[in-house]
Each structure stands twice: as structure tokens, then as C-alpha cells.
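# A look at the structure
Chain by chain, the residues run as shown.
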Amino acid sequence: MKREPFIRNDQFNLIKRQVLHLVNGHATVNDPHVIDAMESLSIEKVVESFSVLTDAQREMLNEMVQVADKETAEQYLLELEKSIIPFQEPSEQKLKKLFPKVKKMKLPKEKLNFRRMTFISFDDIGTKKRYMVVPTSKGLVGLTGTYEETRTKQICSICNRLTPVCMFMTKTKGESIGTYTKKGNYICQDADDCNQHVLSLKKIETFVENIK
């Protein structure tokens, strides 16, 4: 029977964090009651990130309590990864709507792992521009901005980690005709790494709202 994907990439990242938390707990805690509490809390956090779950899906998530070491964690996550919903690649027509000012927008498909992706991000090194396709409650949004790498670590506006960042600068129309407002946000220099650590869509929604 074919398994229907039901896990978003950000939800998988959350599951992975909780699984690794349990591995660390088994390695450092001897009290079985504390371990039980950790397992219950981890499952609760994961289940709460889903709006709907079938009994089979819930059972699959509950199997994380069987994880006791790095080896079983890797096996569990490897199997669970098969249930990730890949990011749906936008069509050329969709890209034109998202980036109307960019001629012949093409995605660098060979560099994009759609299965482990919450948002699409790629750079034009020549112009120092970064293009992003970001999911929101109202659908996909296309963002364009310049980026400037920094030499310090800051909190990423998307994955909320202390990490090497770049300053992502966007320009929006001001209140008066012919005026523009520039807005800057710190985001991960490495978009792939950011996709591996984003834990929810809420931060992305806030990021988009701050830019728009």
C-alpha cells in the first residue's frame, strides 16, 4: 500500500529536533519517569503542529518513543522522510506572476531539493540579488532583494537560529508617488541550511509581512 505524504518540511525539522532531544535524554538521564515525561512532551509538540492526522499517521509519529540512541534515530527519521510532502515546483507561468519584472525567470533545478524545502531561494551572484518563493496563508509570494553577506552571526528572521547571515534588502513603494522604502532583514547566508532548520510557517509569515 502506497504511503500518502503528510509531513511538511518544517514539521519534519521539528520532529527531528524532538527525536534528537530524546536521544540526548536517554544518554544523560537515568530516571525512567523523567524519560516518560520527555517522551510525552515531545510527542505533544509534534502532534500539535498538525491540524489533522489519521490514526495510522498518529501511530507513525508516536513511534518516536522507541528511539533510544543515534542509530535508531537515524533509522526512524530515514523512514519518516519518505512521508514528506515535496515543495510543489512552480510553473513558468506562476513564476512570471511572482516575478513580473524579471525576464525569463528560471529555477536552478539541479540545485534544489524540493523534498527538503519549505521555501525556494536562489542567488544571482552577478547582480547580488536573491529570489525567494515563499508560502503564506494566501498562497505563494515572490520576493526579490539584494543580499550582503556579513562576518557576524545574527538571528535569522526565518529559522530563528543564531547563524551566519546576510542582510536581505528589499525595496517597496512608499506612501507618496515616486518614493520607495528599503527594508532589511537578517536571513541565513545558506538557504539550504535554513530550510533544514525552519520549524514552522509562522516565522515565514512574519518575515513576509515585515517586507511587504
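Worth saying up front: this structure is predicted, and the values here are computed from it rather than measured.

All right, on to the overall build of the protein chain then. From N to C terminus, the protein chain includes seven helices and five strands. Counting across all 212 residues of the protein chain, residues that qualify as buried make up 39%. By sequence separation, contacts in the protein chain at least 24 residues apart represent 57% of the contacts at least 6 residues apart. For the protein chain, the accessible surface area stands at approximately 13,400 Å², while carbon and sulfur atoms represent 50% of it. Looking at the protein chain, you have 34 positive and 28 negative side-chain charges, and the mean spots of the two groups are 12 Å apart.

A cluster of basic residues, Lys 101, Lys 129, Lys 171, Lys 173 and Lys 182, forms a positive patch at the surface. You can see Lys 129 is positioned in strand 2 (residues 129-136). Residue class for Lys 129 comes out partly exposed when judged on its relative accessible area of 33%.

The topology assignment puts Leu 80 in helix 4 (residues 70-80). For the pair Leu 80 and Met 60, spaced 20 residues apart in sequence, the C-alpha separation works out to 8.1 Å. When neighbours within four sequence positions are excluded, Leu 80 is seen to be in contact with Ile 7, Phe 12, Ile 15 and Met 60.

Leftover empty space is mapped by rolling, across the atoms, a probe with the size of a water molecule. Applying the stated rule across the entire model yields one cavity of 30 Å³ or more. Size it by volume and the largest cavity reaches roughly 30 Å³. What lines the largest cavity is Phe 119, Ser 121, Arg 130, Met 132, Ile 158, Ile 187, Cys 188, Ala 191 and Cys 194. Elements supplying a minimum of two residues to the lining of the largest cavity: strand 2, strand 5 (180-188) and helix 6 (191-195). Grouping the constituent residues of the lining of the largest cavity by class yields seven nonpolar, one polar and one charged.

Turning our attention to the pattern of salt bridges. Two side chains bearing opposite charge may form a pair once their charged atoms approach each other closely. Considering all chains together, one arrives at five salt bridges under this definition. In this structure, Glu 81 and Arg 116 form a salt bridge, with 4.0 Å as the shortest nitrogen-oxygen distance. Of this pair, Glu 81 sits in the loop between helix 4 and helix 5 (92-98) while Arg 116 is found in the loop between helix 5 and strand 1 (120-124), placing the two residues 35 residues apart along the sequence. Here Asp 123 and Arg 130 are joined by a salt bridge, their closest N and O atoms 2.7 Å apart. Residue Asp 123 is classed as partly exposed on the basis of its relative accessible area, which comes to 33%. For Arg 130, a relative accessible area of 3% gives the class buried.

Thresholds applied
- Residues numbered from 1 in each chain as written.
- Predicted model: local features only at pLDDT ≥ 70, side-chain atom pairs only at ≥ 80, totals over all residues.
- Heavy atoms only, no water.
- Helix = DSSP H or I, 4+ residues; strand = E, 2+ residues; numbered from the N terminus.
- Buried < 20%, exposed > 50% of the residue type's maximum accessible area, 1.4 Å probe, protein only.
- Contact = heavy atoms within 4.5 Å.
- Areas by Shrake-Rupley, 256 points an atom, 1.4 Å probe, with all protein chains shown as cover.
- Lys, Arg positive; Asp, Glu negative; His and termini not counted.
- Charge placed at Lys NZ, Arg CZ, Asp CG, Glu CD.
- Patch = residues over 30% accessible without salt bridge, like charges linked within 9 Å, V, L, I, M, F, W, Y side chains within 5 Å.
- Salt bridge = Lys/Arg side-chain N within 4 Å of Asp/Glu carboxyl O.
- 1 Å grid on protein atoms, 1.4 Å probe; cavity = no way out; pocket = protein on both sides within 12 Å on 5 of 7 lines; lining within 4 Å.
- Points joined across faces, edges and corners; volume = space filled by probe spheres on them.
- Nonpolar A, V, L, I, M, F, W, Y, C, P; charged D, E, K, R; others polar.

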